[in-house]
Amino acid sequence: MPDQTRPAFQDLADRLRAIVGERGLVTDPDALAPHLIDWRRRYFGRTPFMVRPATVDEVSAVVAACADAGVSMVPQGGNTGLVGGSVPDETGLQVLVNLGRLNRVRELDRANYTITVEAGCILADIQQAAAADGMLFPLSLGAEGSCQIGGNLSTNAGGNAVLHYGNMRDLVLGLEVVLPDGRVWQDLRGLRKDNTGYDLKHLFIGAEGSLGIITAAILKLFPAHADSQTALVALHDLSSVMALFDAARRRSGDQLVAFELMPRVGIDLALQHVTGAIDPLEERYPHYVLLELASSRSEAGLRAALEEILEAAFEEGWVVDGTIAATEEQARQLWFLREAIVEGQRLNGASIKHDVSVKTSRMGDFIDTAKARLAERFPDDRVVAFGHVGDGNVHFNICPPAGDETGFAERGPAFTEIVFGTVAEFGGSISAEHGIGRLRREKLADVASPVDLELMRRIKQAVDPANLMNPHVLFVEPSTGSDLDR
Ligand SMILES: Cc1cc2nc3c(=O)[nH]c(=O)nc-3n(C[C@H](O)[C@H](O)[C@H](O)COP(=O)(O)OP(=O)(O)OC[C@H]3O[C@@H](n4cnc5c(N)ncnc54)[C@H](O)[C@@H]3O)c2cc1C
C-alpha cells in the first residue's frame, strides 16, 4: 500500500496540490500504474503520488516543498529509459515528478540555429518543429515518439546520427535546471563560445536526474537535409562491415550520417514478431548494414556517391548483396526493419541486454571475440549484436534458443561476465548510451576507478547534500555526507 496515510505525506500532498492544482497531482492507482513500471518491465515502483507541474515556477515550488519535507524525488520524462532510472523504488516514499506538462517550444531562432524547448517536449515534436522551419534537429532514436528531451538530456542519449552530429551532449548550448533545494539555475543564452569557468550544463547532462530537474534547454539546429540516400547491404564478416564503414566515411565526403549493424538473427526475430517488417533481399546472409548519406544540398550527388561506394565494396568482396532505397517509403521501410529488431527481441521473450562501446577500430574484433567466448560455453544461446557500430556502440544482446527458455535467466550473470570482461580487455565502456540507472550501479562501482567514483560522489554531495534527487541511480550506496571520503 502506498504510504499516503502518513501525516507527513498528507501535508505534502496538500502543499503540492496548492502549487499544481488538482490536475497536477495524480493519486489514482490506475492513472499511476503505467508510470510505476519501466519500459523493460524490470522495475516496479510505488509512490504516494505523482506531481505534474506545468511551469518552471511550479517545478521550483514542488521541489522546494519536497526538500522542505525531506522527501526524495524521481524525475520522469517519457519513461522509455532502459536502466530503471525513471521509476520510484519499492518503498513508496519517493515522489514522482513527471515533466510531461512542461512541453512548450519557447523560441526557434533561425539566425542563431537554435530552438529553446521545455523538458517535457517529445523528441519527435522537436524534430517536427525544426523541420517546419526548414531546419534539422538531428537526435533520432527508436523511442522518439514518446521520449522527452529532458530524458534525452538526462541520459545523454545517442541514437542513429551520432557519428555525424554527436550525441545529446554535443547538441546543447544551454540548460535551465531546478536544483534540489528549489532554486533555478539558468543559462539559456545560446552562446557557442563561452569560456567563463566550469561548463556547468555538462554536470546535468547524463546525470539521470541525480543533480536536479532539467526544465528547459537550448538546442543546436542544422540546415535540413535536402537529399538523403539509404541502402541495406549484406556482408559475410565483421571485418568487411568495418572496412565498409571506413570506405563510406572517406568516399562520401563525410556525408555518412548513419551506419547500423543488423545481424541475420535480429532480422529473423523482427520478421517473426513485428507486423510490417519486410526482408528486402531474397538470400540470407550473416550480417547486414543499413547506411545513410545525407546533405543539405539538393544537388549533392549522393546517389552517385553511394553507388560508387557500394560498387567499390562489391569489388573488394566486402559487400555481397544489397539494395538502395528508390523512394522515401522504401527508406522508411529499411529503417522500420532496423527498429523492429528491438521490438522483435522484446516480443520474442527473454533476452539479456548489454549496451557497450569500444573504439570503432576494434569493433569487429570485439564482437567476434565476445561471440566466440559465449559460443564456447553456451553454444545454443543466440547473440543479437546490432546497432550503432559507426559510433563504436553495439547492443550486445543474448536470446535463448528458439522456444526454450529453460535455465536462461540463471545463465545471465555468466553472459554478462563474459561480455563485460571482453569490454574491459578492449578498453571499452559498459554503458555506451543507456546510462547506469539502477541496473548498472553495482557494475559501475566495480569498473570505475576510485578517483572517478570519489569525484562523482563529491559532485553529488555538493549539489544535492540531502540526497533528495533520484537517490537510487548511479551510486550503490546513497551518497550521504557520511559516505564521503575525506
Ligand atoms: C525502442 C527504444 C529505442 C531506444 N533507442 C535508444 C537509442 O538509440 N539511443 C539512446 O541513447 N537511447 C535509446 N533508448 C533509451 C531511451 O529512449 C533514452 O534513454 C531516452 O533518452 C529516455 O528519455 P525519456 O524521456 O523516456 O526518459 P525517462 O525514461 O523518463 O528517464 C530517463 C532518466 O532521466 C531522468 N529524467 C527524465 N527527465 C528528466 C528531467 N527533466 N530532469 C532530470 N532528469 C530527468 C529520469 O529520472 C531517469 O533517470 C531507447 C529506448 C527504447 C524503448
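Colleague: Which residues make up the state of the cysteines, and what values do they have?
Modeller: Chemically, a disulfide is nothing more than a covalent bond linking the sulfur atoms of two cysteines. With the rule as written, the count across this model stands at zero disulfides. Left unpaired, cysteine 147 is separated from the closest cysteine sulfur, that of cysteine 121, by 12 Å.

Colleague: Got a sec to walk through the packing of helix H9 (residues 264–273) against helix H11 (residues 328–348)? Specific residues and values, please.
Modeller: Helix-helix packing: each pair is described by the crossing angle between the helix axes and the interaxial distance. Between H9 and H11, the least distance of the axes is 7 Å, while the angle of their chain directions is 75°. If you check the angle between H9 and H11, you find them roughly perpendicular. Contacts from Gly266, Ile267, Leu269, Ala270, Leu271, Gln272 and His273 in H9 reach Leu337, Ala340, Ile341, Gly344, Gln345, Leu347 and Asn348 in H11. Among the residues forming the contact of H9 with H11, the class breakdown is eight nonpolar, six polar and no charged.

Colleague: Account for the pattern of salt bridges, with residues named and values stated.
Modeller: Following the criterion strictly, the structure yields 27 salt bridges and no others. Put simply, arginine 106 and glutamate 118 hold a salt bridge, and the shortest N to O gap is 3.1 Å. One end of the pair, arginine 106, is in strand S5 (residues 105–109); the other, glutamate 118, is in strand S6 (residues 114–118), and twelve residues separate them in sequence. Given a relative accessible area of 1%, glutamate 118 falls into the buried group. A salt bridge links aspartate 268 to arginine 284; the nearest nitrogen and oxygen atoms lie 2.8 Å apart. Placement of aspartate 268 in helix H9 and of arginine 284 in the loop between H9 and strand S14 (287–295) is noted, with a sequence separation of 16 residues between them. You can call aspartate 268 partly exposed: its relative accessible area is 23%. For arginine 284, a relative accessible area of 55% translates into the label exposed.

Colleague: Let's hear about unusual backbone geometry: which residues, and what values?
Modeller: For residues besides glycine, phi is generally negative; the peptide bonds are generally trans as well. Although it is not a glycine, glutamate 208 sits at a positive phi angle of roughly 55°. Summarising the element assignment, glutamate 208 is placed in the loop between helix H7 (201–204) and strand S10 (213–220). On the basis of relative accessible area, glutamate 208 is assigned to the buried category, the value being 10%. With a phi close to 35°, asparagine 470 is a non-glycine residue in the positive phi region. Checked against the element boundaries, asparagine 470 lands in the segment after helix H15 (450–463). Owing to a relative accessible area of 4%, asparagine 470 belongs among the buried residues under this scheme.

Colleague: Before we move on, can you summarise the confidence of the model for the protein chain with the specific residues and values?
Modeller: Within the protein chain, residue pLDDT values average 94, and 97% of them lie at 70 or more. Within the model, pLDDT remains below 50 along residues 478–486, and this stretch shows 17 contacts once partners closer than five positions in the same chain are excluded.

Colleague: Account for the site of the ligand, naming residues and giving values.
Modeller: Around the ligand, the structure places 35 residues, and the nearest of them are Pro75, Gly77, Gly78, Thr80 and Gly81. Between the ligand and proline 75 there is a distance of 2.6 Å, counted from an oxygen atom to a backbone nitrogen or oxygen. Note that an oxygen atom of the ligand is positioned 3.4 Å from one of the side-chain N or O atoms of serine 86. Starting from 970 Å² of accessible surface for the ligand in isolation, the protein chains cover 96%. Within the residue set of the shell around the ligand, elements represented by two or more residues are strand S3 (73–76), helix H5 (149–154) and S10. With four residues, the top contributor of residues to the shell around the ligand is H5. Counted by class, the shell around the ligand contains eleven nonpolar, 22 polar and two charged residues. Shared between two domains, the shell around the ligand takes at least three residues from each, and those domains are domain 1 (7–98) and domain 2 (105–223).

Colleague: I'd like a description of the sheet that holds S14, backed by residues and values.
Modeller: Ordered in space as S13-S14-S12-S15, the four strands form an open sheet in which the pairing is antiparallel. Strands with a single pairing partner mark the edges of an open sheet, and in this sheet they are strand S13 (256–263) and strand S15 (319–324). Ignoring strand direction, the axes of neighbouring strands in this sheet form an average angle of 20°. Across the sheet, H9 lies against S13 and S14, angled at about 80° from S13, the strand it touches most. Across the sheet, H11 is in contact with strand S12 (227–235), S13, S14 and S15; its angle to S13 comes to roughly 50°.

Colleague: Please set out the sheet that holds strand S16 (residues 355–357) residue by residue, giving values where relevant.
Modeller: Ordered by their spatial adjacency, three strands build an open sheet running S16-S18-S17, and the pairing between neighbours is antiparallel. The open sheet has two edge strands, S16 and strand S17 (382–386), and neither has a second partner. Taking each pair of neighbouring strands and ignoring which way they run, the sheet shows an average axis angle of 30°. Note: S16 against strand S18 (residues 393–399), three bridges, orientation antiparallel. Of the residues in S18, the one forming a bridge with valine 356 is valine 394. Relative to the sheet, H9 contacts S17 and S18, its axis offset from that of S17 by approximately 95°. Each of S17 and S18 touches H11; the most contacted strand, S17, lies at about 150° to it.

Calculation notes
- Residues numbered from 1 in each chain as written.
- Predicted model: local features only at pLDDT ≥ 70, side-chain atom pairs only at ≥ 80, totals over all residues.
- Heavy atoms only, no water.
- Disulfide = S-S within 2.5 Å.
- Axes fitted to C-alpha atoms, helices over the stretch in contact; angles between N-to-C directions.
- Helix = DSSP H or I, 4+ residues; strand = E, 2+ residues; numbered from the N terminus.
- Parallel < 35°, antiparallel > 145°, perpendicular 65-115°, else oblique.
- Contact = heavy atoms within 4.5 Å.
- Nonpolar A, V, L, I, M, F, W, Y, C, P; charged D, E, K, R; others polar.
- Salt bridge = Lys/Arg side-chain N within 4 Å of Asp/Glu carboxyl O.
- Buried < 20%, exposed > 50% of the residue type's maximum accessible area, 1.4 Å probe, protein only.
- pLDDT = per-residue confidence, 0-100.
- Near = heavy atom within 4 Å.
- Polar contact = N/O pair within 3.5 Å; in protein donor to acceptor, adjacent residues only side chain to side chain.
- Areas by Shrake-Rupley, 256 points an atom, 1.4 Å probe, with all protein chains shown as cover.
- Domains from an automatic or database assignment.
- Pairing = 2+ DSSP bridges.

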